[in-house]
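Understanding the architecture of this molecule
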Amino acid sequence: MTPDLECVDLVKRFGDTTAVDNVSFSVPPGSFFSILGPSGCGKTTIMRMIAGFLDPTTGDIRIKGGSVLDTPPNKRPVNMVFQHLALFPMMTIAENIGYGLRRRGMSKPEIARKVDEALERIGLPGIGARKVDELSGGQKQRVAIARCMVLEPDVLLLDEPLGALDLKLREHMKVELKALQAAFDTTFVYITHDQSEALVMSDQIAVMNAGRFEQVGTGQDLYYRPETPFVAGFIGDTNRWSGRIEKAEGGTLQLRTESGLAMRASGAGLAPGDMAEIFVRPEAIRLAATAEGLAGFDNHLSGTVTSILFNGAASRLLVQDAAGETLEVTLPQSGEFDRLKRGDMVHIGWGAGQATCFATGAAGAR
Amino acid sequence: MTPDLECVDLVKRFGDTTAVDNVSFSVPPGSFFSILGPSGCGKTTIMRMIAGFLDPTTGDIRIKGGSVLDTPPNKRPVNMVFQHLALFPMMTIAENIGYGLRRRGMSKPEIARKVDEALERIGLPGIGARKVDELSGGQKQRVAIARCMVLEPDVLLLDEPLGALDLKLREHMKVELKALQAAFDTTFVYITHDQSEALVMSDQIAVMNAGRFEQVGTGQDLYYRPETPFVAGFIGDTNRWSGRIEKAEGGTLQLRTESGLAMRASGAGLAPGDMAEIFVRPEAIRLAATAEGLAGFDNHLSGTVTSILFNGAASRLLVQDAAGETLEVTLPQSGEFDRLKRGDMVHIGWGAGQATCFATGAAGAR
Amino acid sequence: MRNQSRVAFYLLLMPLVLWLGLLIIIPHIDMLLISLRERVSFGVYDRSLAQYEKALTEPLYLRTFARTAVMSVLATAITLLIAFPVAYYIAKMARGRLQQVLFLLCLIPFYVSELVRTFGWMILLRETGIVSNLLQWAGLADQPVEMLYTDATMMVGLVYTSMLFMVVPLVTTLESLDDSVIEAGYDLGGSGLSVLREIIIPHAMPGIVSGCIVVFMLSLGNYLTPTMLGGKDSLWFTEMIYNQFIVRSNWELGAAFGFMLLVLSSVIVWGMLRLTGRTLKETMG
Amino acid sequence: DTLRLLTWGGYAPDEVVTMFEEQTGHTVEVTKSNNEEMIAKLRATSGGGFDLAQPSQDRVMGPQMEFGIYKPIDVSKLNQDLFIPSMLKATMANTTVNGDVYGVPHVWGTSGLVMNTAEAGEVVKDYADLCDPAVAGKVSYRLKRPTLIGFAFSLGEDPFAAYGDEAKYKEIMEKVEAKLIECKANVKTYWGGGDELMNLVRSGEVTASMAWDTGGWKLNDDNADITFVAPASGALGWIDTFVLPAKGQADDVAYEWINFVMQPEVAAMITAAAGNFTASAGADEFAEEGLKAKYQASFPQEAIDNIKWYPPVPAGLESIEGEVLDRVQAAN
Amino acid sequence: MIPTIPQSRTVRIVYGGYVALFFLYLALPLTVVAVFAFNDSQFPSLPWEGFTWNWFFGDTRPQIGVFHERGILGAVGTSAFVAACVAVLSVAVGTTNAFLFNRYDFRGKGLLYVLMLLPLVIPGIVLGISILVFSSTLANGIWDLAQMDIQALRPGLLLVILGQFSFITTIATLVISARLQKFDRTLEEAALNLGADRLTAVRTITLPFLAPAMIGAVVVAFLMSFENFNTTLMLVGSDAPLTIAMFDRLKEGSTPLLNAVSLLLMLGSSLLALMMILFQRRS
Ligand SMILES: Nc1ncnc2c1ncn2[C@@H]1O[C@H](COP(=O)(O)OP(=O)(O)OP(=O)(O)O)[C@@H](O)[C@H]1O
Ligand SMILES: Nc1ncnc2c1ncn2[C@@H]1O[C@H](COP(=O)(O)OP(=O)(O)OP(=O)(O)O)[C@@H](O)[C@H]1O
Ligand SMILES: NCCCCNCCCN
Ligand SMILES: [Mg+2]
Ligand SMILES: [Mg+2]
């Protein structure tokens, strides 16, 4: 099956800066593909090349198998939901949604019918006559999507469409967007710098950094099997140290952090003497009242609780070990440790498999 | 010990709306007191009354035991960190911090000394000569606090001071603010609509809704022992149903939700036939592959996974039971259920003690 | 504090009231009163509508009045047509440095007095002027060409003089149009023309209205350009006011003319606002 | 003290002002203007703002009666010997209201035709000839009352004789109006100030114009073809006066100035600057020979005899003229 | 059409050409005025008779330069005086107006605001004559009552200043209001909170914040006053400001002296405008 969208060796330079650096990917029909990366990494630049507002320096963009490089933006079979939505403030909702259909010269009654249908689809029937600024943020959001979807594009591009909404609404719209994609059954290419948006909605996620794709995979892949230190640090909270490898046996490494903490970890392609970065997620660390409870773990140590960050289900402890290293540890919801207070001594442990290791300097080399 | 700040039966009306409705509380010296509530509930109004920018309609405000109602704002021994900080853009950092001291007619060298001291205290020595817009968001934050603290107020008021910062910085400043309070050893009264800010930092939290205080207590109190449905719904994520009590024995209730789901829950003052609202936190619900694994729980049922919201450590499942009720269930981090997919059948269960119940209509009645 | 605030209020109100009262409202009422009287003999006056009667029955005055109005509307329209593409270029096409420089270039000519600008046009367009010489040199004319003292020249001057007041509000409103809205127009299949008609112009409407009002006012009330460039053919209504006051010492008729001009400008401004459904406050303030 | 002088261009040349200031220690502020503006300004200030003004003698009586903007002149404070007696007498007579004298003469001259004789001499002999197609687009005149009067004469009327008869005057003016409207296409522009006209003629943009004699003579220096020609129906003779504005604040300095500029040597300097002769007795001796020669060339004896001197304008005529002028300007 | 939308070369070239042509149109008259200030001739027109500085520095007839021409220098002085008065007055009143409209709600506020805008839509010449008429009425009334002649109420500098003030104040009010609107009032509250009383808060916080707008308004008011013609024409007495003096001369016919004055004017006002822009960019 030809992918709906395919980018091949895409490069975009602005003078000296390379905003997009040799990016290739393809998006199968009907899937939800996200590009996730920090601000300024080049996400919007990719999007604008696909939409036709920027010419790639080199590389090709194919939609349904055919190159669209020579197609002007108003002729490309992709539509875009802009970051600030770019609804036309001088038009009513119905005029907004019907804009593209009018451009295609569709007859008035047919446009009216299609617009009504789209409004129905997004769950806002009957608001066609309203002005743009009479809608709430979430409603505008849906109208912006409907405005594109009436045109039945091959690919819908969304550039941080939730960025302008407040937290609660954003949570809600995440689920809603995913449902809309299912309803319209179209390929979505979604840009965001918010990992939780990407994780919750996407079939596939590309993690982007400094113009390049670091890793492409499902949310689980990225969270549990990061391939680069950047991905390991960017997705999810994590404890992070640098250290030196002391022993390497198969996939298991023995190493020591700069502050002197000894640790077992897993990681490929590292030899004794190498410098490495180690990542351990707070929820991977187990808490116990006694050292015995942690016997099964490759790493265990004891430390003092320096702070209890109570936050309901997401509560954490800060634990300082003898060497002075501070670790963030998830407070289990079992209630077992609810009576803990600052200054208490605790035992913590984690498996070597949960401590991911990368050679230092390997960042972005991939 | 006289409280640093005491509000007694505070009421503020704007025409027909009662923005603050009979609020009383007292803040012991040196504590971190938060007022948490949704937008528009009256938080800022309380703050502005304490600072002296608004006169209460009725009620009294006492600082260190003495009423300040007749004291103009520039004479009150409280200072305020404004939501958008309100640093003076035309002045340097040093001039900003020294502003209040100049108003007190302090000598120049002494002002300079105090300013330097304060800059030291907030960990930004030597930035006195910079302009406000040469600082980062977090630095500005600290300067705004220092500007108040040099005046050694009895109470420091903070009106959503982190509201303008981005997510990462906000996380960081939470911890930092708590540390600053410890360093200055002053009473903080802190306003926010972000529950996680309040939970992480405060000694005491007042949950406010529609002009009234719903509950005052520690973070744990509010999270685990909510006293009103509003608190139960506002703090932390939760599943929420309405239902009718079928049987009441001691503290344990037997009830049925509108869609027909039968459930055991706990709650006081409810009799058979009463309508009730039931709250169950997603992390209180246990997941099992077989019904046997859940035998110990008061409630158990089986359902289909309708959606997997993968979000790292905060992943959730949406499970639909036979009656059509959808439940949000935390996906444990054990990895045990990682292979679950949409449409799979799962068993879930929870204890009656984890299902909190309130009589319908009791909201806000307290 | 309450009392203090009341005192402050009255202190702040006073200058405004004095200014508007003594320099705007009362003088205009007085002007109206003067226009409502008639000279009977040396130093003796009567209440009467004679001035307005004269102004409205004498075809010359009426014609000049209408001519001034029509020409001002024309000048406004031409200014808009010329300025719009330029304002659009500055607001949306030019970027960074170039944008700033072009905008400043637009402003600078208007920091020098209208007199100097008009003088410049006279040097350019007179029979012995630059353009005439250029045309002869280029072989496009075999004798000196007089370009002054015609309506067309006057129009050139009026448009020139008002240009800034059209360009600036247009640039400001066009700049406030988000690029992404235009892009969305194209993205949804729009062509240049349809985007212009359905998105850009509706968005620029506030700027167009306020630019047009100011330019219209400036043209209507202009004195220098019609007298200097329009010469023998272009009697402008302001010139008639000047003539009645200064040349004929007939203040009564002059005041009546002044009032008619005021009414004309108010009606047209009001009409433009009505047409576009905007208020004076939105447009000017 | 400061003397605020409201006068015509050329009547207070810089060297004369400097000389006066050096001799007396006063300062002089000169505002250049014309008859209509002088009167309008004085009317607006009800005779204030200036200490000495110089309207033409026919414009003193009417405005004084209407607006009371002048104050009587104490002739005894003037050195009457400096004036040509006949001119002084005539001017005083023409500017007397209720027994008080309001004006004394200063500069006199005529209006007629200034032209490039080489290009327009054949055609233009009288005011009305300015409308000849042969000079189309090359003529100019002022759109002011002298033009109306001049055209009236050249159309065979005598407007001065009709001063007392408003109906008759109106009829004459209607004729003139028709002529001027018909003539409009011929006109390049209506000139406003003397120098403006000189520029137009000098540059060749205008070859014939109704204008003050002095302009023609000045241009004659540069281009011998250009000169002043007395029209067939007679040049119009005018005398510009000294008057004291009603609320002038420096009458003494004003008298000092009058006595100063009427001295023959000074008067000659003014003649040199303005191009016109003055009412100063004996200034002729100091006047430049060239100017005298030009004067004689322009004014053979019969032309001098034919000069039409302006009588004082009765009130009421100006509004008739004003409307005519407006209509001419607006005509298309 | 924006740069990110691909456009054909021809369209871009034609559009660019049009804009260039427009700027040529803007620049032409001013350039010509400037160039002919150096023509060694009595006329600011072709033929070019050679280059000279005489129209600036000459001190002998007929080429007396600007710097030796008493009338012009005096007029510049008058203009500067008038402009300074107008600038100070209008910015002062503009500031109080801005505070009034920004800080208080009162009955008739909307009406007063519209009245405040009105001078912008009254033709300058009408403003001039109405003030002329009213001040004469006033002066004549006082004369009739008390035989007192108030010369200040007759055409002259005071009326010129008041006439210009009457509409420039509206502009000053708008400029200053716009900035005051952007002022975050919590800054004042912060000052109060830190121990300042109301006046001190305004003095130490609000006025410094308004300073760029006030300086901008002073410059704009000064320039507008300096170049005002229509209103001034009706109110001028014996000392004419520069525009009127130049107009009187222009009516008499132009010499390159007027070009020289104009060139100096252009330089002066551009300099002033540039300084203002730089100042405002800095703050
Ligand atoms: N027109 C341009 N000219 C020069 N540099 C540009 C241009 N557009 C983008 N860049 C640069 O390219 C890089 C990538 O920009 P881009 O807008 O694609 O980032 P982004 O990932 O979308 O960031 P954000 O999340 O902040 O929107 C940035 O460093 C930016 O400064
Ligand atoms: N000056 C006022 N006049 C009239 N109503 C007011 C005024 N100030 C506040 N209110 C009303 O009082 C209520 C409480 O407002 P307040 O600003 O205290 O809310 P808040 O809890 O601080 O909200 P937020 O989190 O959005 O800042 C709101 O309904 C608001 O509309
Ligand atoms: N109608 C009277 C004309 C008076 C002209 N005085 C002219 C002075 C020219 N230098
Ligand atoms: Mg972006
Ligand atoms: Mg608030």
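Residues numbered from 1 in each chain as written. Chains lettered and ligands numbered in written order. Predicted model: local features only at pLDDT ≥ 70, side-chain atom pairs only at ≥ 80, totals over all residues. Heavy atoms only, no water.

Worth spelling out the cut-off: UniProt positions are given in the numbering used here, feature names are shortened, and annotations may be inferred rather than shown by experiment.
As annotated in an unreviewed UniProt entry, chain E carries the name Spermidine/putrescine transport system permease protein and is attributed to Pseudooceanicola nitratireducens. Listed in UniProt under the heading Subcellular location (unreviewed entry), the comment for chain E reads: "Cell membrane". Recorded in UniProt for chain E, the comment headed Sequence similarities (unreviewed entry) runs: "Belongs to the binding-protein-dependent transport system permease family. CysTW subfamily."

Chain A is annotated in an unreviewed UniProt entry as Spermidine/putrescine transport system ATP-binding protein of Pseudooceanicola nitratireducens.

**Overview of a negative patch on the surface**
The following threshold applies: Like charges within 9 Å and nonpolar side chains (Val, Leu, Ile, Met, Phe, Trp, Tyr) within 5 Å are joined into patches, using only residues over 30% in relative accessible area that form no salt bridge. A 1.4 Å probe and the Shrake-Rupley method give the accessible areas. Residues count as covered only by the protein chains that appear here. Criterion for a salt bridge: a side-chain nitrogen of Lys or Arg within 4 Å of a carboxyl oxygen of Asp or Glu. The charged-residue count follows a simple rule in which Lys and Arg add positive charge and Asp and Glu add negative charge, with His and chain termini not counted at all. Charged side chains are reduced to one point each, which is NZ for Lys, CZ for Arg, CG for Asp and CD for Glu. Starting at the N terminus, helices and strands are each numbered in turn, a helix being any DSSP run of H or I of at least four residues and a strand any DSSP run of E of at least two.
Residues Asp165(D), Glu166(D), Glu171(D) and Glu174(D) make up a contiguous surface patch of negative charge. By the element assignment, Glu174(D) lies in helix H7 (residues 166-183).

**Concerning the packing of helix H9 (residues 213-222) of chain D against helix H13 (residues 289-298) of chain D**
Residue and element names in this part refer to chain D. The line we're drawing: All axes here are fitted lines through C-alpha atoms, helices being fitted over the stretch that makes contact, and every angle between N-to-C directions spans 0 to 180 degrees. Two helices that cross are described as forming a left-handed crossing if the nearer one is turned anticlockwise from the farther one by less than a right angle, and a right-handed crossing if clockwise. Contact criterion: two residues are considered in contact whenever any of their non-hydrogen atoms come within 4.5 Å of each other. Side-chain classes follow a simple rule in which Ala, Val, Leu, Ile, Met, Phe, Trp, Tyr, Cys and Pro form the nonpolar group, Asp, Glu, Lys and Arg form the charged group, and the remainder, Gly included, forms the polar group.
In the contact formed by H9 and H13, the axes pass within 10 Å of each other and the chain directions differ by 115°. Here H9 runs over H13; the crossing is right-handed. Two secondary-structure elements touch here, H9 through Trp-217, Asn-220 and Asp-221 and H13 through Leu-291, Lys-294, Tyr-295 and Ser-298. Partitioned by chemical class, the residues of the contact of H9 with H13 number three nonpolar, two polar and two charged.

**As for the site of ligand 3**
All names here are of chain D. Selection criterion: Here a residue is considered near a molecule or strand provided that any single heavy atom belonging to it is located within 4 Å of it. Whenever two N or O atoms come within 3.5 Å, that pair is a polar contact, provided that in protein one can donate a hydrogen and the other can accept it, and provided that, for residues adjacent in sequence, both atoms are side-chain atoms.
Looking at ligand 3, the residues that line it are Trp-8, Gly-9, Tyr-11, Asn-35, Ser-56, Pro-146, Trp-212, Trp-238, Asp-240 and Tyr-310. Asp-240 is positioned such that a nitrogen or oxygen atom in its side chain is 2.9 Å from a nitrogen atom of ligand 3. Looking at the shell around ligand 3, its residues break down into six nonpolar, three polar and one charged.

**Topic: the UniProt feature "domain: ABC transporter" (unreviewed entry) in chain A**
Following the UniProt record, the feature "domain: ABC transporter" (unreviewed entry) maps to residues 5-235 of chain A here. Split by type, residues 5-235 of chain A is 36% helix and 26% strand. Its first and last C-alpha atoms lie 25 Å apart.

**A short note on the state of the cysteines**
To keep it simple, the criterion reads: Sulfur atoms of two cysteines make up a disulfide when they are within 2.5 Å. When a residue's accessible area, from a 1.4 Å probe over protein chains only, is under 20% of the maximum for its type it is buried; when over 50% it is exposed; and in between it is partly exposed.
In this structure the tally under the stated criterion is one disulfide over all chains. The partner cysteine of Cys131(D) in its disulfide is Cys183(D), sulfur to sulfur 2.2 Å. Torsion about the S-S bond of the Cys131(D) and Cys183(D) cystine: about -105°, corresponding to left-handed handedness. Of the two residues, Cys131(D) is situated in the loop between helix H5 (117-120) and strand S8 (139-141) and Cys183(D) in helix H7; the sequence distance between them amounts to 52 residues. Each member of the pair, Cys131(D) as well as Cys183(D), is classed as buried. Left without a disulfide partner, Cys212(C) is nearest to the cysteine sulfur of Cys106(C), which lies 17 Å away.

**Focus: the interface of chain D and chain E**
As a reminder of what qualifies: As a working definition, buried area equals the accessible area (1.4 Å probe) given up by two parts on being put together, with both sides summed.
Chain D puts 25 residues into the contact, and the matching count from chain E is 18 residues. When residues of chain D are sorted by the area they lose upon contact with chain E, Ala44(D), Asn199(D) and Lys247(D) head the list and together hold 25% of the total. The interface formed by chain D and chain E includes one salt bridge. Run the count over chain D and chain E and you get five residue pairs in polar contact (both at pLDDT 80 or more). Listed by contribution, the elements that provide at least two residues to the side of chain D that touches chain E are helix H1 (14-24), strand S2 (27-32), helix H2 (35-44) and helix H8 (194-202) of chain D. The greatest single-element share of the side of chain D that touches chain E, amounting to five residues, is contributed by H8(D). For the side of chain D that touches chain E, the class distribution of residues is four nonpolar, ten polar and eleven charged.

**Let's talk about the interface of chain E and chain C**
The interface of chain E with chain C comprises 80 residues on the first partner and 88 residues on the second. Interface area for chain E against chain C, summed over the two sides, is near 7,700 Å², with a carbon-plus-sulfur share of 80%. Here Glu227(E) makes a salt bridge to Arg117(C), at a shortest N to O gap of 3.3 Å. On the surface where chain E and chain C come into contact, there are twelve residue pairs in polar contact (both at pLDDT 80 or more). For the side of chain E that touches chain C, the element with the highest residue contribution is helix H1 (residues 9-35) of chain E, accounting for twelve residues. Here the residues of the side of chain E that touches chain C are counted per class, giving 60 nonpolar, 17 polar and three charged.

**Describing the pairing of strand S12 (residues 252-257) of chain B**
Within a regular strand, the side chains alternate between the two sheet faces. Residues and elements named next belong to chain B. Convention followed: Note on pairing: DSSP must find at least two bridges between two strands before they are called paired.
Across six bridges, strand S11 (residues 239-249) lies against S12 in antiparallel orientation. Looking across to S12, one finds that Ala-248 is bridged to Leu-253. Linkage of S11 to S12, two consecutive antiparallel strands, is achieved through a turn of two residues, within which Gly-250 is found at a positive phi near 60°.

**Some thoughts on the site of ligand 1**
Residue and element names in this part refer to chain A. Residues in contact with ligand 1, as listed here, are Phe-14, Ala-19, Ser-39, Gly-40, Cys-41, Gly-42, Lys-43, Thr-44, Thr-45 and Glu-160. Here an oxygen atom of ligand 1 and a backbone polar atom of Gly-40 are 2.7 Å apart. Here an oxygen atom of ligand 1 and a side-chain polar atom of Glu-160 are 3.0 Å apart. Looking at the shell around ligand 1 residue by residue, the class counts come to three nonpolar, five polar and two charged.

**A look at the environment of Thr278(D)**
With respect to the helices, strands and loops of the structure, Thr278(D) is situated in strand S14 (residues 277-278). For Thr278(D) and Gly164(D), which are 114 residues apart along the polypeptide, the C-alpha to C-alpha distance reads 30 Å.

**Details of the sheet that holds S2(D)**
Strand pairing in a sheet takes place through backbone hydrogen bonds and is either antiparallel or parallel in direction. All names here are of chain D. Judged by pairing direction, the sheet is parallel, and its three strands sit side by side in the order S2-S1-S3 without closing on themselves. Because the sheet does not close on itself, it has two edges, and the strands there are S2 and strand S3 (52-53). The pairing of strand S1 (residues 2-7) with S2 spans six bridges and is classified as parallel. When the sheet's bridge partners are listed, Leu-6 is paired in S2 with Thr-31. The strands that helix H10 (residues 251-261) touches are S1, S2 and S3; relative to S1, the one it contacts most, it runs at about 60°.

**Observations concerning the packing of aromatic side chains**
Definition in use: The aromatic pairing rule takes the rings of Phe, Tyr and Trp, using the six-membered ring of Trp, and pairs them if the centres are within 6.5 Å, calling planes under 30 degrees apart stacked, those over 60 edge-to-face and the rest tilted. Two limits define a charge over a ring: the Lys NZ or Arg CZ must be within 6 Å of the ring centre, and within 35 degrees of the ring normal.
Enumeration over the complete set of coordinates arrives at 74 aromatic pairs over all chains. Arranged with centres 5.2 Å apart and planes meeting at 55°, the rings of Phe9(C) and Tyr104(E) form a pair that is tilted. Of the two residues, Phe9(C) sits in helix H1 (residues 2-35) while Tyr104(E) sits in the loop between helix H3 (70-103) and helix H4 (109-117), which places them in two different chains. Across the pair, exposure class does not vary: Phe9(C) and Tyr104(E) are buried alike. With centroids separated by 5.7 Å and ring planes inclined at 65°, the aromatic side chains of Trp53(E) and Phe56(E) adopt a geometry described as edge-to-face. Judged by relative accessible area, which is 48%, Trp53(E) ranks as partly exposed. In this structure, Arg147(B) is placed above the aromatic ring of Phe88(B), and the distance from its NZ or CZ to the ring centre is 4.6 Å. Above the plane of the ring of Tyr223(B) lies Arg281(B), whose end atom (NZ or CZ) is 3.9 Å from the centre.

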